[in-house]
Amino acid sequence: MLNIRRVIVAVSGGVDSAVAALILKKKGYDVVGVFMQNWDTADETGICSATQDAEDARWVCSRLGIPFSVVSFVREYWNDVFCNLLEDYQNGYTPNPDILCNGHIKFDKFLKYAQDNLDADAIATGHYASTTFGSFLENCDFSAGVHLLKPRDLFKDQTFFLSQVSQIPLQKTMFPLANLTKTQVKKIASEYGMDYISKKKESSGICFIGTRHFQNFISEYLNDSPGYFRDIDSGVIVGRHAGIHHWTIGQRCRIGGQLKPYYVARKEPKNNDIFVASGTNHLSLFTNLFFTSRPHWIHSVPYLLMQEGVLECEFRFQHTKPLVRCELVAIQSDHLLVKLEKSLRAITPGQIWTNKP
C-alpha cells in the first residue's frame with residue numbers, strides 16, 4: 001500500500017468534486033483544492049461559467065477548511081486541445097474537447113503541477129469512475145498496472161471521458177465517488193451545509209462556447225468556406241452551406257422547400273460538399289461496421305485480440321448512449337475493424353469511442 005499523505009483535488013465548483021474533497025478530508029488526508037483555469041475568459045465574447053465556478057470552488061474549500069488555489073493551463077489548453085480541435089473541425093472531423101482535456105490537461109499537466117509544486121502524493125477528481133487500484137489507491141500494484149473500471153452509478157458513468165488517460169496518471173488518481181450514486185453525493189453535500197453547491201445546476205456543453213450557437217462560435221476561429229448540400233441519393237444540389245466545420249454527421253440541416261428534413265450523412269473536405277439524407281432514419285445515417293485509427297490502450301492490448309486477432313466487448317461513442325455489444329478485429333498493428341451487434345446512427349469520424357471487455 002502506498003504511504004499517501006497529501007492529495008490534491010481538482011475542484012470544479014460543482015457538487016461532485018466538493019464531496020470528493022470532503023470524503024478525503026474525513027479520511028484524514030492532507031487535502032488541497034486546486035481550480036484549473038483552462039480558458040481565457042478575458043477574450044470571451046459569450047458567457048462562460050468559469051469565473052463563477054472558480055468562486056464556487058473557493059467557497060467549497062473555505063467551507064471544508066482546506067487550502068485553495070487557482071492554476072492556469074490556458075496556454076497548454078490552447079496548444080494541446082483547442083488548436084487540435086480546430087484542425088479536426090476544419091478537416092471534417094468531430095472531436096470531443098472534454099476527452100482531449102482529460103488526456104492532455106487534467107490527467108497530465110495537472111498531475112505534474114501537483115507533484116512539482118504542491119508535493120502531492122496523489123490527485124483526486126469528482127469523476128464517477130473506478131480503477132483496480134481502488135478508490136483511494138489502497139490496492140495499488142505497480143507491477144500489474146491499473147485498469148479503468150465502471151463506477152457503482154452506471155447512469156453517471158464517466159469512464160467514456162477518461163478513455164484517453166494514460167497509465168501513469170491513472171496510477172496516481174483517486175476516485176472517491178466510485179461507490180456512490182449521484183443521489184448519495186447530493187445528500188452528503190446537503191448534510192454538510194453545502195446546499196448551494198448540491199442544488200447548483202450542472203454544467204453541460206462546452207464552457208468556452210458559452211451561450212452562443214456553435215456555428216457562431218466556430219466562425220470566430222475558422223474562416224467560412226462555402227459549399228453545397230447534395231442529396232446523397234441523387235447527388236443533386238439542394239442548398240448551400242457556409243463551411244463543413246459548422247456541421248456534424250446526423251445533424252439536421254434546415255434547407256427550405258423540401259418535403260422531408262435533411263440530415264448530414266457525409267462530409268467531403270476536399271470540395272466542401274456535404275451529402276445530406278432525406279429523413280432522420282435514412283439508411284445512410286446508420287452503420288454497424290467501421291475502421292479505427294490507432295487505438296489507445298490504457299493498460300495494454302487485450303490478450304485475446306493480440307493472440308487470436310478478435311475480441312468481443314462493448315462499444316460506446318457518446319457518453320449518454322447505452323453500451324452495445326461488438327467485435328474488434330485486428331487488421332493491422334495500428335488499426336481495428338469494429339463490427340457492432342446492431343447498427344447505430346451518426347457514428348462520426350473523429351469521435352472517440354470506448355470498448356469494455
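Residues numbered from 1 in each chain as written. Predicted model: local features only at pLDDT ≥ 70, side-chain atom pairs only at ≥ 80, totals over all residues. Heavy atoms only, no water.

A look at the packing of aromatic side chains
- Applying the stated rule across the entire model yields 15 aromatic pairs.
- Ring geometry for Phe-73 versus Tyr-113: centroids 6.2 Å apart, planes at 90°, classification edge-to-face. Remark: Tyr-113 occurs in helix α4 (residues 97–118) and Phe-73 occurs in the loop between β3 (68–72) and α3 (74–90); sequence separation between them is 40 residues.
- On the accessibility criterion, Tyr-113 (21% relative accessible area) is partly exposed.
- Geometrically, the ring pair formed by Phe-229 and Trp-247 is edge-to-face, given 5.4 Å between the ring centres and 80° between the ring planes. Of the two residues, Phe-229 sits in strand β8 (residues 227–231) while Trp-247 sits in the loop between β9 (237–241) and β10 (252–253), which places them 18 residues apart along the sequence. Residues Phe-229 and Trp-247 agree in their burial class; the two are buried. (Phe/Tyr/Trp six-rings, centres within 6.5 Å; stacked < 30°, edge-to-face > 60°. Helix = DSSP H or I, 4+ residues; strand = E, 2+ residues; numbered from the N terminus. Buried < 20%, exposed > 50% of the residue type's maximum accessible area, 1.4 Å probe, protein only.)

Description of the sheet that holds strand β12 (residues 273–278)
- Strands sit in the order β9-β8-β12-β11-β10 across an open sheet of 5 strands; the sheet is mixed. Looking along the sheet, the strands with just one partner apiece sit at the ends: β9 and β10.
- Here 3 bridges tie β8 to β12, and the two strands are oriented parallel to one another. Residue pairing for β12: Asp-231 is matched across the bridge by Val-276. (Pairing = 2+ DSSP bridges.)

A few points about the sheet that holds β3
- In spatial order, the strands read β3-β2-β1-β4-β7; together these 5 strands make up an open sheet with parallel pairing. Taken across any chain shown, the strands that pair with only one partner, and hence form the sheet edges, are β3 and β7 (173–174).
- Summarising the sheet, strand β1 (residues 6–10) and strand β2 (residues 30–37) pair through 5 bridges and their orientation is parallel. The residue of β2 that forms the bridge with Ile-8 is Val-32.
- Sheet strands touched by helix α1 (residues 15–26): β1, β2, β4 (122–124) and β7. Its angle to β1, the strand with the most contacts, is close to 170°. (Contact = heavy atoms within 4.5 Å. Axes fitted to C-alpha atoms, helices over the stretch in contact; angles between N-to-C directions.)

Section: the nonpolar core
- By size, the foremost hydrophobic cluster in this structure holds 70 residues, and its most contacted members are Ile-8, Leu-24 and Met-174.
- Beyond its immediate stretch of four places on either side in the chain, Met-174 contacts Ile-4, Val-7, Leu-24, Tyr-29, Ala-122, Ile-123, Ala-124, Thr-125, Ser-135, Phe-136 and Leu-137.
- In terms of nonpolar packing, the next biggest core, distinct from the first, is built from 14 residues, Leu-305, Cys-313, Leu-340 and Ile-347 among them. (Core = buried A, V, L, I, M, F, W, Y, C linked by side-chain atoms within 4.5 Å.)

Side note on the pairing of strand β15 (residues 324–332)
- By the bridge criterion, 6 bridges tie strand β14 (residues 310–316) to β15 in an arrangement that is antiparallel. When the bridges of β15 are listed, Cys-313 appears paired with Cys-326.
- As defined by bridge partners, β15 adjoins strand β16 (residues 335–345) across 6 bridges and the pair is classed as antiparallel. Bridge pairing links Leu-328 to Val-338 in β16.

Here we look at α3
- Along α3, the sharpest change in direction is near 30° and occurs at Phe-82.
- Within the span of α3, buried status applies to Glu-76, Tyr-77, Val-81, Phe-82, Leu-85, Leu-86 and Tyr-89.
- Those residues of α3 hidden inside the fold are in contact with β3, α4 and α8 (214–218).
- At the exit of α3 stands Gly-92, carrying a positive phi of roughly 90°. (Bend = angle between axes of the 7 residues up to and from the residue.)

A word on α4
- Given a rise of 1.5 Å per residue, 22 residues ought to cover 32 Å, yet the end C-alpha atoms of α4 are separated by just 27 Å, more than 12% below that figure.
- Gly-103 marks the point of greatest bend in α4, at about 30°. (Expected span 1.5 Å × (residues − 1).)

Considering the pattern of salt bridges
- Applying the stated criterion across every chain yields a total of 14 salt bridges.
- Between Arg-316 and Asp-157 there is a salt bridge, and its shortest N-O distance comes to 3.6 Å. Of this pair, Arg-316 sits in strand β14 while Asp-157 sits in the loop between β6 (148–149) and α5 (167–171); the two residues are 159 residues apart in sequence, bridging distant segments of the chain.
- You can call Arg-316 buried: its relative accessible area is 9%.
- Ionic pairing is found between Arg-325 and Glu-312, a salt bridge with its closest N-O pair at 4.0 Å. Here Glu-312 lies in strand β14 and Arg-325 lies in strand β15, a separation of 13 residues in the sequence.
- Of the residues examined, Glu-312 reaches a relative accessible area of 54% and is grouped as exposed.
- Three or more residues joined by partner-sharing salt bridges are found here, namely Arg-5, Arg-6, Asp-30 and Asp-119. (Salt bridge = Lys/Arg side-chain N within 4 Å of Asp/Glu carboxyl O.)

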